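# Summary of structural features
Single-letter residue listing:
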Amino acid sequence: MKRAGLWAASVVSAAAASAEAQAPAGRIMLGTGSTIVQTLSTPTAERESVHLVRLAADSGLHFEWRLEEVHDDGDTLRQEFRYFEARKDVASAHRLRGYHDAKAPEAHPGYTMHALSRATYLRMLEGRADSFQIMSVDMPPGSEMLRSFGMGGSRSTPVRWRGTIAPAGRGTVPFSVLLDGRRVALPTIHLRADLTARQGRWQPEFWVLADSAYPLILKWVGAFREPGNVLQTTRIDRRAPDVASLERELSSACRVELPGIYFAFNSAHIAPGSERAIAGIADILARNPDWTATLEGHTDSIGSATANKALSERRVAAVRATLVERHGVNAARLKVAGLGAARPREPNATIEGRARNRRVELVRDCAGGKAGG
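Here's a quick rundown of the structure. In this text, all values refer to a predicted model and were calculated from it rather than measured experimentally. (Residues numbered from 1 in each chain as written. Predicted model: local features only at pLDDT ≥ 70, side-chain atom pairs only at ≥ 80, totals over all residues. Heavy atoms only, no water.)

### Quick notes on the overall build of the protein
Counting its secondary structure elements, the protein contains eight helices and 20 strands. Expressed as a percentage of its 373 residues, the buried residues of the protein come to 55%. Per element, the accessible surface of the protein, about 15900 Å² overall, is 51% carbon and sulfur. (Helix = DSSP H or I, 4+ residues; strand = E, 2+ residues; numbered from the N terminus. Buried < 20%, exposed > 50% of the residue type's maximum accessible area, 1.4 Å probe, protein only. Areas by Shrake-Rupley, 256 points an atom, 1.4 Å probe, with all protein chains shown as cover.)

### Here we look at unusual backbone geometry
Residue D180 is not a glycine yet carries a positive backbone phi of 55°. By the secondary structure assignment, D180 is in the loop between β11 (173-179) and β12 (182-197). Looking at D180, the relative accessible area reads 17%, which means it is buried. The backbone of F224 sits at a positive phi, close to 60°, despite the residue not being glycine. Among the structural elements, F224 can be located in the loop between β15 (217-221) and β16 (230-237).

### Description of empty space enclosed by the protein
Across all of its chains, the model carries two cavities of 30 Å³ or more by this definition. The calculated volume of the second largest cavity comes to roughly 40 Å³. Lining the second largest cavity we find R82, Y83, R97, Y99, H100, D101, P105 and H108. Each residue belonging to the lining of the second largest cavity can be placed in one class, and the counts come to three nonpolar, two polar and three charged. (1 Å grid on protein atoms, 1.4 Å probe; cavity = no way out; pocket = protein on both sides within 12 Å on 5 of 7 lines; lining within 4 Å. Points joined across faces, edges and corners; volume = space filled by probe spheres on them. Nonpolar A, V, L, I, M, F, W, Y, C, P; charged D, E, K, R; others polar.)

### Structural notes on the packing of helix α5 (residues 243-253) against helix α6 (residues 275-287)
Axes are the key here: two packed helices are described by the angle between their axes and the distance separating the axes. Packing of α5 against α6 leaves a shortest axis separation of 10 Å and a crossing angle of 55°. On the basis of the axis angle, α5 is oblique to α6. α6 is crossed by α5, and the crossing has right-handed handedness. Here α5 contributes V243, L246, E247 and L250 to the contact with α6, which in turn contributes G280, I284 and R287. Looking at the contact of α5 with α6, its residues break down into four nonpolar, one polar and two charged. (Axes fitted to C-alpha atoms, helices over the stretch in contact; angles between N-to-C directions. Parallel < 35°, antiparallel > 145°, perpendicular 65-115°, else oblique. Left-handed = near helix turned anticlockwise from the far one by under 90°. Contact = heavy atoms within 4.5 Å.)

### A closer look at α5
Listed as buried for α5 are V243, S245, L246, E247 and L250. Those residues of α5 hidden inside the fold are in contact with β12, β17 (255-257), α6 and β20 (359-364). Regarding α5, its N-cap is D242, as a side-chain oxygen of that residue lies 3.3 Å from the backbone nitrogen of A244 further along. Just past α5, the residue C254 takes up positive phi, approximately 70°. (Polar contact = N/O pair within 3.5 Å; in protein donor to acceptor, adjacent residues only side chain to side chain.)

Below, the structure is given as C-alpha coordinates:
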(Lines give C-alpha, C1' and ligand atoms only; values in the text may rest on other atoms or scores of the structure.)
Protein backbone atom coordinates (compact mmCIF):
# COMPACT_ATOMS: atom_id res chain seq x y z
CA MET A 1 0.00 0.00 0.00
CA LYS A 2 1.41 3.39 -0.97
CA ARG A 3 -0.23 6.73 -0.40
CA ALA A 4 0.70 10.26 0.63
CA GLY A 5 4.25 9.42 1.64
CA LEU A 6 3.30 6.36 3.71
CA TRP A 7 5.23 3.20 2.98
CA ALA A 8 4.12 -0.41 3.33
CA ALA A 9 3.11 -3.31 1.14
CA SER A 10 -0.27 -4.71 0.17
CA VAL A 11 0.43 -8.39 -0.50
CA VAL A 12 -1.17 -10.46 2.26
CA SER A 13 -1.54 -14.24 2.15
CA ALA A 14 -4.66 -16.00 3.39
CA ALA A 15 -2.86 -17.07 6.56
CA ALA A 16 -1.59 -13.56 7.20
CA ALA A 17 -4.99 -12.07 6.50
CA SER A 18 -6.52 -14.43 9.05
CA ALA A 19 -3.92 -13.55 11.70
CA GLU A 20 -4.29 -9.84 11.08
CA ALA A 21 -8.08 -10.01 11.07
CA GLN A 22 -7.84 -11.12 14.69
CA ALA A 23 -5.60 -8.15 15.53
CA PRO A 24 -6.33 -5.27 13.12
CA ALA A 25 -4.24 -2.87 15.25
CA GLY A 26 -1.11 -4.75 14.18
CA ARG A 27 -0.40 -2.80 11.02
CA ILE A 28 2.18 -0.03 11.31
CA MET A 29 2.55 2.51 8.50
CA LEU A 30 5.78 4.51 8.59
CA GLY A 31 5.87 7.82 6.76
CA THR A 32 8.43 10.56 6.41
CA GLY A 33 9.16 11.89 9.90
CA SER A 34 8.15 8.70 11.72
CA THR A 35 10.47 7.44 14.44
CA ILE A 36 11.34 4.02 15.84
CA VAL A 37 12.81 4.25 19.34
CA GLN A 38 14.83 1.24 20.49
CA THR A 39 16.26 0.48 23.91
CA LEU A 40 19.32 -1.73 24.17
CA SER A 41 19.30 -3.28 27.63
CA THR A 42 22.58 -4.91 28.68
CA PRO A 43 23.55 -6.45 32.02
CA THR A 44 25.16 -3.15 33.04
CA ALA A 45 23.31 -0.33 31.25
CA GLU A 46 20.43 0.78 29.07
CA ARG A 47 20.80 2.91 25.95
CA GLU A 48 18.12 4.45 23.79
CA SER A 49 18.44 5.17 20.08
CA VAL A 50 16.05 7.10 17.83
CA HIS A 51 15.80 6.01 14.21
CA LEU A 52 14.13 8.71 12.12
CA VAL A 53 12.49 8.00 8.77
CA ARG A 54 14.17 10.79 6.85
CA LEU A 55 12.22 9.90 3.70
CA ALA A 56 9.55 7.31 2.97
CA ALA A 57 9.80 6.78 -0.79
CA ASP A 58 8.29 4.30 -3.24
CA SER A 59 11.67 2.55 -3.31
CA GLY A 60 11.92 2.16 0.46
CA LEU A 61 12.69 3.82 3.77
CA HIS A 62 15.64 6.16 4.24
CA PHE A 63 16.62 6.14 7.93
CA GLU A 64 18.78 8.49 9.97
CA TRP A 65 20.26 7.76 13.36
CA ARG A 66 22.38 10.40 15.09
CA LEU A 67 24.26 8.87 17.95
CA GLU A 68 25.51 10.93 20.87
CA GLU A 69 26.87 9.17 23.93
CA VAL A 70 28.35 10.92 26.97
CA HIS A 71 30.76 8.81 29.05
CA ASP A 72 31.55 9.10 32.73
CA ASP A 73 34.96 10.61 32.00
CA GLY A 74 33.31 13.42 30.01
CA ASP A 75 34.21 12.10 26.58
CA THR A 76 31.38 12.35 24.05
CA LEU A 77 30.94 10.13 21.01
CA ARG A 78 29.01 11.62 18.10
CA GLN A 79 28.23 9.73 14.91
CA GLU A 80 25.59 9.93 12.20
CA PHE A 81 24.30 6.84 10.44
CA ARG A 82 22.18 6.90 7.30
CA TYR A 83 20.88 3.67 5.88
CA PHE A 84 18.28 2.53 3.37
CA GLU A 85 15.84 -0.36 3.67
CA ALA A 86 14.64 -1.16 0.16
CA ARG A 87 11.07 -2.14 -0.52
CA LYS A 88 12.20 -5.06 -2.67
CA ASP A 89 14.31 -6.40 0.20
CA VAL A 90 11.40 -6.16 2.63
CA ALA A 91 9.52 -8.25 0.07
CA SER A 92 12.00 -11.10 -0.30
CA ALA A 93 15.37 -10.80 1.46
CA HIS A 94 16.52 -13.53 3.82
CA ARG A 95 19.30 -11.48 5.40
CA LEU A 96 19.21 -8.99 8.28
CA ARG A 97 21.90 -6.35 8.73
CA GLY A 98 22.52 -6.27 12.46
CA TYR A 99 24.81 -3.26 12.71
CA HIS A 100 25.53 0.09 11.06
CA ASP A 101 28.78 1.69 10.01
CA ALA A 102 28.99 5.46 9.59
CA LYS A 103 31.49 5.02 6.76
CA ALA A 104 29.47 2.42 4.84
CA PRO A 105 27.17 3.17 1.87
CA GLU A 106 23.57 3.99 2.74
CA ALA A 107 22.16 1.07 0.74
CA HIS A 108 22.85 -2.60 1.46
CA PRO A 109 21.06 -4.59 -1.24
CA GLY A 110 19.76 -7.95 -0.13
CA TYR A 111 19.33 -6.97 3.54
CA THR A 112 16.49 -5.74 5.70
CA MET A 113 17.26 -3.38 8.58
CA HIS A 114 14.32 -3.15 10.99
CA ALA A 115 12.01 -5.86 9.68
CA LEU A 116 11.95 -9.41 8.43
CA SER A 117 10.98 -9.84 4.80
CA ARG A 118 7.39 -10.65 3.91
CA ALA A 119 8.58 -13.90 2.32
CA THR A 120 10.14 -15.07 5.59
CA TYR A 121 7.20 -13.81 7.63
CA LEU A 122 4.64 -15.71 5.54
CA ARG A 123 6.69 -18.87 5.84
CA MET A 124 6.69 -18.42 9.63
CA LEU A 125 2.89 -18.18 9.57
CA GLU A 126 2.84 -21.54 7.83
CA GLY A 127 4.86 -22.99 10.72
CA ARG A 128 7.93 -23.77 8.61
CA ALA A 129 11.61 -22.93 9.01
CA ASP A 130 13.32 -20.67 6.50
CA SER A 131 16.90 -19.90 5.57
CA PHE A 132 18.21 -16.83 7.39
CA GLN A 133 21.38 -14.79 7.78
CA ILE A 134 22.51 -11.96 10.04
CA MET A 135 25.42 -9.70 9.17
CA SER A 136 27.06 -8.77 12.46
CA VAL A 137 30.55 -7.82 13.59
CA ASP A 138 33.25 -9.52 15.60
CA MET A 139 34.50 -7.00 18.14
CA PRO A 140 38.06 -7.02 19.50
CA PRO A 141 38.75 -6.71 23.23
CA GLY A 142 38.24 -3.19 24.57
CA SER A 143 35.35 -2.37 22.22
CA GLU A 144 32.60 -2.53 24.84
CA MET A 145 31.04 0.76 23.79
CA LEU A 146 30.81 -0.24 20.16
CA ARG A 147 29.64 -3.70 21.09
CA SER A 148 26.80 -2.22 23.10
CA PHE A 149 25.43 -0.67 19.93
CA GLY A 150 26.34 -3.55 17.64
CA MET A 151 28.05 -1.30 15.11
CA GLY A 152 31.28 -1.44 13.20
CA GLY A 153 34.39 0.23 14.51
CA SER A 154 37.77 0.66 12.88
CA ARG A 155 39.00 -2.68 14.25
CA SER A 156 35.77 -4.69 13.91
CA THR A 157 35.37 -7.51 11.42
CA PRO A 158 32.08 -8.20 9.61
CA VAL A 159 30.76 -11.71 10.20
CA ARG A 160 27.94 -13.37 8.29
CA TRP A 161 25.95 -15.81 10.41
CA ARG A 162 24.09 -18.44 8.39
CA GLY A 163 21.35 -20.87 9.32
CA THR A 164 17.60 -20.98 9.77
CA ILE A 165 14.79 -19.15 11.52
CA ALA A 166 11.62 -20.88 12.69
CA PRO A 167 8.54 -20.28 14.84
CA ALA A 168 9.15 -20.74 18.57
CA GLY A 169 5.45 -21.19 19.30
CA ARG A 170 1.98 -21.00 17.81
CA GLY A 171 -0.31 -18.03 17.44
CA THR A 172 0.46 -14.45 18.37
CA VAL A 173 1.89 -12.95 21.55
CA PRO A 174 0.82 -9.47 22.75
CA PHE A 175 3.70 -7.02 22.92
CA SER A 176 3.62 -3.69 24.74
CA VAL A 177 4.69 -0.56 22.82
CA LEU A 178 4.10 3.18 23.12
CA LEU A 179 2.42 3.93 19.79
CA ASP A 180 2.00 7.66 19.11
CA GLY A 181 2.32 8.24 22.85
CA ARG A 182 -0.30 5.66 23.89
CA ARG A 183 0.36 2.30 25.51
CA VAL A 184 -0.90 -0.49 23.22
CA ALA A 185 -0.47 -4.25 22.92
CA LEU A 186 0.58 -5.26 19.41
CA PRO A 187 0.35 -8.84 18.15
CA THR A 188 3.71 -10.51 17.50
CA ILE A 189 5.02 -13.89 16.44
CA HIS A 190 7.86 -15.42 18.44
CA LEU A 191 10.77 -16.77 16.38
CA ARG A 192 14.10 -18.45 17.08
CA ALA A 193 17.12 -18.48 14.78
CA ASP A 194 19.86 -21.11 14.74
CA LEU A 195 22.99 -19.67 13.14
CA THR A 196 26.64 -20.57 12.82
CA ALA A 197 29.86 -18.85 11.80
CA ARG A 198 33.53 -19.48 12.44
CA GLN A 199 32.99 -17.94 15.90
CA GLY A 200 30.56 -20.70 16.87
CA ARG A 201 26.80 -21.02 17.27
CA TRP A 202 24.24 -18.26 17.89
CA GLN A 203 20.54 -18.74 18.72
CA PRO A 204 18.90 -15.32 19.01
CA GLU A 205 15.15 -14.96 19.55
CA PHE A 206 12.84 -12.43 17.93
CA TRP A 207 9.36 -11.06 18.48
CA VAL A 208 8.10 -9.74 15.14
CA LEU A 209 5.02 -7.62 14.49
CA ALA A 210 2.21 -9.74 13.02
CA ASP A 211 1.99 -7.63 9.89
CA SER A 212 2.71 -9.05 6.44
CA ALA A 213 3.14 -5.52 5.06
CA TYR A 214 6.06 -4.64 7.33
CA PRO A 215 7.06 -7.35 9.85
CA LEU A 216 8.87 -4.99 12.20
CA ILE A 217 11.24 -6.62 14.70
CA LEU A 218 10.02 -5.46 18.12
CA LYS A 219 12.34 -7.48 20.35
CA TRP A 220 15.65 -9.25 19.84
CA VAL A 221 17.03 -11.35 22.71
CA GLY A 222 20.72 -12.17 22.50
CA ALA A 223 21.32 -9.16 20.26
CA PHE A 224 24.83 -8.82 18.85
CA ARG A 225 25.68 -12.27 20.23
CA GLU A 226 25.66 -11.12 23.84
CA PRO A 227 23.39 -13.45 25.88
CA GLY A 228 22.28 -10.70 28.27
CA ASN A 229 21.44 -8.16 25.57
CA VAL A 230 17.86 -7.28 24.71
CA LEU A 231 17.19 -4.85 21.86
CA GLN A 232 13.59 -3.74 22.18
CA THR A 233 11.40 -1.29 20.31
CA THR A 234 9.78 0.78 23.04
CA ARG A 235 8.19 3.64 21.09
CA ILE A 236 6.87 4.19 17.60
CA ASP A 237 5.72 7.68 16.61
CA ARG A 238 4.14 7.61 13.17
CA ARG A 239 3.17 11.25 13.00
CA ALA A 240 3.48 14.57 14.73
CA PRO A 241 1.77 14.75 18.13
CA ASP A 242 -1.94 15.61 18.00
CA VAL A 243 -1.61 19.22 19.09
CA ALA A 244 -5.36 19.77 19.36
CA SER A 245 -5.70 16.77 21.69
CA LEU A 246 -2.78 17.94 23.83
CA GLU A 247 -4.30 21.40 24.04
CA ARG A 248 -7.67 20.03 25.15
CA GLU A 249 -6.00 17.92 27.83
CA LEU A 250 -4.02 20.88 29.09
CA SER A 251 -7.18 22.95 29.17
CA SER A 252 -9.16 20.39 31.17
CA ALA A 253 -6.60 18.48 33.25
CA CYS A 254 -3.78 21.05 33.33
CA ARG A 255 -1.15 18.35 32.71
CA VAL A 256 -0.07 16.43 29.63
CA GLU A 257 2.72 14.03 28.73
CA LEU A 258 4.57 15.22 25.64
CA PRO A 259 5.27 12.44 23.12
CA GLY A 260 7.93 12.81 20.47
CA ILE A 261 10.69 14.48 22.51
CA TYR A 262 13.92 12.45 22.50
CA PHE A 263 17.34 12.89 24.07
CA ALA A 264 20.78 11.46 23.46
CA PHE A 265 21.98 8.81 25.89
CA ASN A 266 22.96 10.25 29.28
CA SER A 267 22.67 13.73 27.80
CA ALA A 268 20.41 16.78 27.59
CA HIS A 269 21.07 17.07 23.85
CA ILE A 270 17.71 17.02 22.06
CA ALA A 271 17.76 14.31 19.41
CA PRO A 272 16.58 14.81 15.81
CA GLY A 273 12.94 13.95 15.35
CA SER A 274 11.90 16.10 18.31
CA GLU A 275 11.27 19.24 16.25
CA ARG A 276 7.61 18.49 15.49
CA ALA A 277 6.73 17.95 19.14
CA ILE A 278 8.49 21.10 20.32
CA ALA A 279 6.89 23.16 17.54
CA GLY A 280 3.52 21.80 18.69
CA ILE A 281 4.13 23.07 22.23
CA ALA A 282 4.99 26.49 20.83
CA ASP A 283 1.75 26.52 18.81
CA ILE A 284 -0.30 25.69 21.91
CA LEU A 285 1.32 28.48 23.89
CA ALA A 286 0.87 30.93 21.03
CA ARG A 287 -2.87 30.22 20.89
CA ASN A 288 -3.20 30.63 24.66
CA PRO A 289 -1.15 33.73 25.52
CA ASP A 290 -2.49 33.87 29.08
CA TRP A 291 -1.15 30.42 29.97
CA THR A 292 1.98 29.91 32.04
CA ALA A 293 3.38 26.44 32.57
CA THR A 294 6.15 24.24 33.95
CA LEU A 295 8.15 21.74 31.95
CA GLU A 296 8.72 18.68 34.13
CA GLY A 297 11.55 16.23 33.42
CA HIS A 298 11.31 12.60 34.51
CA THR A 299 13.76 9.69 34.30
CA ASP A 300 13.82 5.97 35.00
CA SER A 301 15.34 4.59 38.19
CA ILE A 302 18.68 3.48 36.74
CA GLY A 303 21.49 5.41 38.42
CA SER A 304 21.55 7.53 41.55
CA ALA A 305 18.70 9.81 42.57
CA THR A 306 21.03 12.81 42.47
CA ALA A 307 22.25 12.07 38.95
CA ASN A 308 18.74 11.42 37.66
CA LYS A 309 17.40 14.65 39.12
CA ALA A 310 20.25 16.64 37.59
CA LEU A 311 19.77 14.97 34.19
CA SER A 312 16.02 15.62 34.19
CA GLU A 313 16.66 19.29 35.04
CA ARG A 314 19.13 19.68 32.18
CA ARG A 315 16.77 18.05 29.73
CA VAL A 316 13.76 20.25 30.42
CA ALA A 317 16.04 23.30 30.48
CA ALA A 318 17.11 22.35 26.95
CA VAL A 319 13.48 22.09 25.82
CA ARG A 320 12.71 25.47 27.37
CA ALA A 321 15.73 27.05 25.68
CA THR A 322 14.60 25.69 22.30
CA LEU A 323 11.09 27.07 22.78
CA VAL A 324 12.41 30.47 23.77
CA GLU A 325 15.29 30.83 21.33
CA ARG A 326 13.90 29.10 18.26
CA HIS A 327 10.14 29.59 18.62
CA GLY A 328 9.94 32.94 20.37
CA VAL A 329 8.11 31.81 23.49
CA ASN A 330 8.33 34.36 26.31
CA ALA A 331 10.77 32.89 28.84
CA ALA A 332 8.70 34.26 31.73
CA ARG A 333 5.85 31.92 30.78
CA LEU A 334 7.85 28.72 31.29
CA LYS A 335 9.42 27.28 34.41
CA VAL A 336 11.33 24.00 34.63
CA ALA A 337 11.42 21.25 37.24
CA GLY A 338 13.57 18.13 37.21
CA LEU A 339 11.97 15.34 39.24
CA GLY A 340 14.26 12.47 38.29
CA ALA A 341 12.72 9.08 39.06
CA ALA A 342 10.42 10.34 41.82
CA ARG A 343 7.15 10.01 39.84
CA PRO A 344 7.16 6.92 37.63
CA ARG A 345 4.22 6.38 35.31
CA GLU A 346 4.88 2.64 35.02
CA PRO A 347 6.97 0.08 36.95
CA ASN A 348 10.71 0.42 36.45
CA ALA A 349 11.06 -3.37 36.48
CA THR A 350 10.56 -3.67 32.70
CA ILE A 351 12.33 -2.22 29.67
CA GLU A 352 9.10 -0.70 28.36
CA GLY A 353 8.21 0.71 31.79
CA ARG A 354 11.57 2.44 32.12
CA ALA A 355 11.20 3.84 28.60
CA ARG A 356 7.81 5.31 29.51
CA ASN A 357 9.25 6.88 32.64
CA ARG A 358 11.87 8.77 30.60
CA ARG A 359 9.57 11.60 29.59
CA VAL A 360 8.73 15.31 29.58
CA GLU A 361 5.41 16.65 30.87
CA LEU A 362 3.89 20.10 30.47
CA VAL A 363 1.96 21.32 33.52
CA ARG A 364 -0.26 24.39 33.17
CA ASP A 365 -0.49 26.74 36.13
CA CYS A 366 -4.17 26.25 36.99
CA ALA A 367 -6.29 27.50 39.85
CA GLY A 368 -7.40 24.84 42.32
CA GLY A 369 -4.14 22.96 42.53
CA LYS A 370 -4.62 20.68 39.51
CA ALA A 371 -1.14 21.40 38.21
CA GLY A 372 0.49 19.84 41.24
CA GLY A 373 -0.91 16.35 40.57
